[in-house]
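Okay, here's what each chain looks like letter by letter:
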Amino acid sequence: MDKSYYAFAIATRLIQFKKWMEEQRLSHNTIMTYSNAVSLFLNYIVKHGTTEMNEEWVRRFNYDYIIKNRFSISYQNQCISGVKKYLEFRGLAVTLENYERPDKGKTLPAVLSKQEVKRLLDGIKNLKHKTLLSLVYSSGLRIGEALSLRPTAIDSTRKLIFIEGAKGKKDRYVLLSSKLLEDLRKYYTVYRPKTYLFEGRSGTMYSASSARAVFKSAAKRAGITKEVRLHTLRHSFATHLLENGTDLRYIQQLLGHQSPKTTMIYTHVSTRSLQNIKNPFDDL
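## Considerations on the overall build of the protein
Then, number 1: Assigned secondary structure in the protein consists of 14 helices and three strands.
Then, number 2: Seen along its three principal axes, the alpha-carbon backbone of the protein occupies a region of about 70 × 60 × 35 Å.
Then, number 3: When each of the 284 residues of the protein is scored for burial, the buried share is 38%.
Then, number 4: The long-range share in the protein, meaning contacts at least 24 apart out of those at least 6 apart in sequence, stands at 60%.
Then, number 5: About 17500 Å² of surface is accessible on the protein, with carbon and sulfur atoms providing 50% of the total.
Then, number 6: Between the mean site of the 47 positive side-chain charges and the mean site of the 25 negative ones, the protein shows a separation of 5 Å.

Spelled out as structure tokens, the structure:
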């Protein structure tokens, strides 16, 4: 088997697959996630001396690559979804409906207190980094949504931010904090972004990996020891809204959740109601 030939064939297929997904109007993050998963799958089957794609080879790939390496359930489901989308792209009649993917379970997201968020943001000295993380928290954005923003998305008059083509191919408006608006004006004066609101050195979209590294460093400086990630800011925003008495329907709209069930998780995360319950031990 000519390895160079198959490497070229895989690369060509992936380019075609990405273009097809763009035509399907999938999000940038979904396209990258699915492309990476399919690349791994295609290299796996070629390594095992075949180009046949069926349910059995998906099962083998799942076990040998994902299960043995103890990758997360979330990552496992992303990989299978990517392979399924690729099979659709190729027009291959492979049935994966019977392929049972594990439930992620009912784990609750980690949440920062308002004091922890303030401590984290106050410790950031770089204006771009601080503005980006402040935006993610104050508007409850996914990192992909924040990085895809263009300067024209900021509606300073109505105090809103327009999110175009978000998850589920839906547009929506999110809140623009008056405090953040001041920071954005300072940021714009210094950096003068052209295409994207947050740009890298070459003028392209600021990378998600860089944003996550910024958050990780900021959390460490703030002395936050709980397991958190950049997406924790979005969870914290939703939880703080709920604790402030915001109706769950509005929170669902601001977060861009398709189902109210997804938003309901924050009723389990919020501790305000629990803190108001008097512990019977205190009366002993």
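## With respect to the sheet that holds strand 1 (residues 154-155)
Then, number 1: Pairing within the open sheet is antiparallel, and its three strands lie in the order 1-2-3. Each edge of the open sheet is held by one strand with a lone partner, namely strand 1 and strand 3 (170-175).
Then, number 2: Taken together, the five bridges between strand 2 (residues 160-166) and strand 3 define a ladder with antiparallel strand orientation. Bridging across to strand 3, Phe162 finds its partner in Tyr173.

## Brief notes about the nonpolar core
Then, number 1: The biggest cluster of nonpolar side chains holds 45 residues, and the ones touching the most others in it are Leu120, Leu132, Leu133, Leu135 and Ile161.
Then, number 2: Among the elements of the structure, helix 5 (114-122), helix 6 (127-139), helix 7 (143-148), strand 2, helix 8 (178-191), helix 9 (208-221), helix 10 (232-243) and helix 11 (248-255) are those that each provide at least two residues to this core.
Then, number 3: Other than its neighbours up to four places away in sequence, Leu132 contacts Ile143, Ala146, Leu147, Phe198, Tyr206 and Ala211.
Then, number 4: Core analysis: the second largest hydrophobic core is formed by 25 residues, Leu14, Leu42, Ile80 and Phe89 among them.

## Topic: helix 6
Then, number 1: The first and last C-alpha atoms of helix 6 sit 18 Å apart over 13 residues, in line with the 18 Å expected at 1.5 Å per residue.
Then, number 2: With 10 of its 13 residues buried, helix 6 lies for the most part within the structure.
Then, number 3: Inspection of helix 6 places Lys128, Thr131, Leu132, Leu133, Ser134, Leu135, Val136, Tyr137, Ser138 and Ser139 among the buried residues, and these make up the whole buried set.
Then, number 4: The opening residue of helix 6, the one whose side-chain oxygen lies 3.0 Å from the backbone nitrogen of Lys128, is Asn126.

## Brief notes about helix 10
Then, number 1: Under the 1.5 Å per step criterion, the end-to-end length of helix 10 is 16 Å for 12 residues, consistent within 8% with the ideal 16 Å.
Then, number 2: When helix 10 is considered as a whole, its buried residues turn out to be Thr232, Leu233, Arg234, His235, Ser236, Phe237, Ala238, Thr239, His240, Leu241 and Glu243.
Then, number 3: Positive backbone phi, at 95°, marks Gly245, one or two positions downstream of helix 10.

## Looking at the packing of helix 3 (residues 55-67) against helix 4 (residues 73-90)
Then, number 1: The N-to-C vectors of helix 3 and helix 4 enclose an angle of 150°; their axes lie 11 Å apart at closest approach. Considering their axes alone, helix 3 and helix 4 lie roughly antiparallel with respect to each other. Relative to helix 4, helix 3 is oriented so that their crossing is right-handed. Together, Val58, Phe61, Asn62, Tyr65, Ile66 and Ile67 of helix 3 and Tyr75, Gln76, Cys79, Ile80 and Val83 of helix 4 make up the contact between the two elements.
Then, number 2: Classifying every residue of the contact of helix 3 with helix 4 gives nine nonpolar, two polar and no charged.

## A short note on the pattern of salt bridges
Then, number 1: Evaluated as defined, the whole model comprises 10 salt bridges.
Then, number 2: Put simply, Lys68 and Asp64 hold a salt bridge, and the shortest N to O gap is 3.8 Å.
Then, number 3: Classification of Asp64 by relative accessible area gives partly exposed; the value is 29%.
Then, number 4: Of the charged contacts, one joins Glu116 and Lys226 as a salt bridge, the two residues approaching to 3.1 Å between their closest N and O atoms. Linking Glu116 in helix 5 with Lys226 in the loop between helix 9 and helix 10, this pair joins segments that are 110 residues apart in sequence.
Then, number 5: Here Lys226 falls in the partly exposed class, since its relative accessible area comes to 36%.
Then, number 6: Overlapping salt bridges, with partners in common, bring together Arg142, Glu145 and Arg172 in one network.

## Describing the side chain of Ser134
Then, number 1: By the secondary structure assignment, Ser134 is in helix 6.
Then, number 2: The exposure class assigned to Ser134 is buried, which follows from its relative accessible area of 9%.
Then, number 3: Reaching out from Ser134, the side chain makes a polar contact with the backbone oxygen of Lys130 at a distance of 2.7 Å.
Then, number 4: Setting aside residues no more than four positions away along its own chain, Ser134 makes contact with Leu121 and Leu180.

The rules we used
- Residues numbered from 1 in each chain as written.
- Predicted model: local features only at pLDDT ≥ 70, side-chain atom pairs only at ≥ 80, totals over all residues.
- Heavy atoms only, no water.
- Helix = DSSP H or I, 4+ residues; strand = E, 2+ residues; numbered from the N terminus.
- Buried < 20%, exposed > 50% of the residue type's maximum accessible area, 1.4 Å probe, protein only.
- Contact = heavy atoms within 4.5 Å.
- Areas by Shrake-Rupley, 256 points an atom, 1.4 Å probe, with all protein chains shown as cover.
- Lys, Arg positive; Asp, Glu negative; His and termini not counted.
- Charge placed at Lys NZ, Arg CZ, Asp CG, Glu CD.
- Pairing = 2+ DSSP bridges.
- Core = buried A, V, L, I, M, F, W, Y, C linked by side-chain atoms within 4.5 Å.
- Expected span 1.5 Å × (residues − 1).
- Polar contact = N/O pair within 3.5 Å; in protein donor to acceptor, adjacent residues only side chain to side chain.
- Axes fitted to C-alpha atoms, helices over the stretch in contact; angles between N-to-C directions.
- Parallel < 35°, antiparallel > 145°, perpendicular 65-115°, else oblique.
- Left-handed = near helix turned anticlockwise from the far one by under 90°.
- Nonpolar A, V, L, I, M, F, W, Y, C, P; charged D, E, K, R; others polar.
- Salt bridge = Lys/Arg side-chain N within 4 Å of Asp/Glu carboxyl O.

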